Amino acid sequence: SKIAGDFSQFANIGNAQLERFDITEVLSSLVRLYRSNPALQLEWYKEEGNYIVFSDRIQINRLFTNLLQNALEAGSAKTGKQTVIIRQWNEPDRVLVSVQDEAGGIPDSMKDQIFTPNFTTKTSGTGLGLAICKGIVEKANGQIWFTSEPGIGATFYISLPMADPVVPVEVAG
């Protein structure tokens, strides 16, 4: 069922239900959920500001769930508490979020394939998680990329366009 669900998610990226929402709401919910895991120390740093995007809320939730789950699973071989750091900030007309782990990084030999469907470094899984992430971000007119330090960890970056502000309409009368 996991495989079928992943393929279904991958196939349905184009069927986005677009809405305006604050990405902070999605991240807040996921932070609360993942902080309940005793094996994980989750830190979240958010700058003040407007984080309204125009995208599919469920897909954005899936995007960050995949990134957090990957960070958690990548560090599962470590003993003790793992640390994952989420940072959220704005640049002009953009909402940016990074997810950083300390799980050892991505080997140079795998960097070019990391967003390729069916590519995985794990012994289980479909290899669609990061391909789904890339599809969700691109469907939302955003970008996704990563940096990695071998032996230390990886950081995934998401940049999404900020939604146009809602301008109140004055009624003549």
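Just above sits the structure.
Residues numbered from 1 in each chain as written. Predicted model: local features only at pLDDT ≥ 70, side-chain atom pairs only at ≥ 80, totals over all residues. Heavy atoms only, no water.

K.L.:
Would you mind showing me how to read the overall build of the protein chain here?
P.N.:
Per the secondary structure count, the protein chain includes four helices and seven strands. Counting from the amino terminus, the protein chain carries its helices and strands in the arrangement α-β-α-β-β-α-β-β-α-β-β. Relative to its full complement of 173 residues, the protein chain shows a buried share of 40%. Here the contacts in the protein chain between residues at least 6 apart in sequence split such that 71% fall between residues at least 24 apart. (Helix = DSSP H or I, 4+ residues; strand = E, 2+ residues; numbered from the N terminus. Buried < 20%, exposed > 50% of the residue type's maximum accessible area, 1.4 Å probe, protein only. Contact = heavy atoms within 4.5 Å.)

K.L.:
What is the right way to look at the environment of threonine 147 in this model?
P.N.:
Within the element layout of this structure, threonine 147 appears in strand 6 (residues 143–149). For the pair threonine 147 and glycine 105, spaced 42 residues apart in sequence, the C-alpha separation works out to 8.6 Å. Beyond its immediate stretch of four places on either side in the chain, threonine 147 contacts Gly153, Ala154, Thr155 and Tyr157.

K.L.:
Where do I start with the packing of helix 3 (residues 57–74) against helix 4 (residues 129–139) in this structure?
P.N.:
Relative orientation and spacing of two packed helices are given, respectively, by the angle between their axes and the distance between those axes. The geometry of helix 3 relative to helix 4 is characterised by a closest axis approach of 9 Å and an angle of 145 degrees between their N-to-C directions. For the element pair helix 3 and helix 4, the recorded crossing hand is left-handed. Contacts between helix 3 and helix 4 pair Gln59, Ile60, Arg62, Leu63, Asn66, Leu67 and Asn70 from the former with Gly129, Leu130, Ile132, Cys133, Ile136 and Val137 from the latter. Considered class by class, the residues forming the contact of helix 3 with helix 4 number eight nonpolar, four polar and one charged. (Axes fitted to C-alpha atoms, helices over the stretch in contact; angles between N-to-C directions. Left-handed = near helix turned anticlockwise from the far one by under 90°. Nonpolar A, V, L, I, M, F, W, Y, C, P; charged D, E, K, R; others polar.)

K.L.:
How do you make sense of the packing of aromatic side chains when you look at a structure like this?
P.N.:
Aromatic ring pairs are reported here in terms of the distance separating the ring centres and the angle at which the planes meet. Enumeration according to the criterion identifies four aromatic pairs in this entry. Taken together through their ring pairs, the aromatic side chains of Phe115, Phe146 and Phe156 make up a single cluster. (Phe/Tyr/Trp six-rings, centres within 6.5 Å; stacked < 30°, edge-to-face > 60°.)

K.L.:
Hey, could you run me through helix 4 in this one?
P.N.:
In an α-helix, one full turn covers 3.6 residues, which means residues spaced three or four apart are oriented alike. Of all the residues in helix 4, the buried ones are Leu130, Ala131, Ile132, Cys133, Gly135, Ile136 and Val137. Once helix 4 finishes, asparagine 141 follows within two positions and takes phi at roughly 60 degrees, a positive value.

K.L.:
How do you make sense of the nonpolar core when you look at a structure like this?
P.N.:
A general tendency of soluble globular proteins is for nonpolar side chains to be buried together. Counting residues in hydrophobic clusters, the biggest one holds 39 residues, and the most contacted among them are Ile60, Leu63, Phe64 and Leu67. Secondary structure elements with two or more residues in this core: helix 2 (23–35), strand 2 (40–46), helix 3, strand 4 (82–91), strand 5 (94–101), helix 4, strand 6 and strand 7 (153–161). If you tally residues by element for this core, the top one is helix 3, at seven residues. Apart from residues no more than four positions distant in its own chain, phenylalanine 64 is found in contact with Ile23, Leu27, Leu30, Val97, Val99 and Ile158. (Core = buried A, V, L, I, M, F, W, Y, C linked by side-chain atoms within 4.5 Å.)

K.L.:
Before we go on, may I ask you to explain helix 3 in this structure?
P.N.:
When the terminal C-alpha atoms of helix 3 are compared, their 26 Å separation across 18 residues agrees well with the 26 Å that a helix rising 1.5 Å per residue should span. Taken residue by residue, helix 3 has Gln59, Ile60, Arg62, Leu63, Phe64, Asn66, Leu67, Leu68, Ala71 and Leu72 as its buried positions. (Expected span 1.5 Å × (residues − 1).)

K.L.:
Where do I start with the sheet that holds strand 4 in this structure?
P.N.:
In a beta sheet, neighbouring strands pair by backbone hydrogen bonds and run either parallel or antiparallel. Taken in spatial order, the five strands line up as 2-4-5-7-6 in an open sheet, and their pairing is mixed. At either end of the open sheet lies a strand with only one pairing partner, and these are strand 2 and strand 6. The mean inter-strand angle of the sheet, taken between neighbouring strand axes irrespective of direction, is 15 degrees. Relative to strand 4, strand 2 runs parallel, the two sharing seven bridges. Paired with glutamine 41 across the two strands is threonine 83, which belongs to strand 4. (Pairing = 2+ DSSP bridges.)

K.L.:
Which parts of the structure should I look at to understand the packing of helix 2 against helix 3?
P.N.:
In contact at an axis separation of 10 Å, helix 2 and helix 3 are set at 35 degrees when each is read in the N-to-C sense. Regarding helix 2 and helix 3, the two cross each other, and that crossing is right-handed. Listed contacts from helix 3 to Ile23, Glu25, Val26, Leu27, Leu30 and Tyr34 of helix 2 are Arg57, Ile60, Asn61, Phe64, Thr65, Leu68, Gln69 and Leu72. In terms of residue class, the contact of helix 2 with helix 3 is built from nine nonpolar, three polar and two charged.

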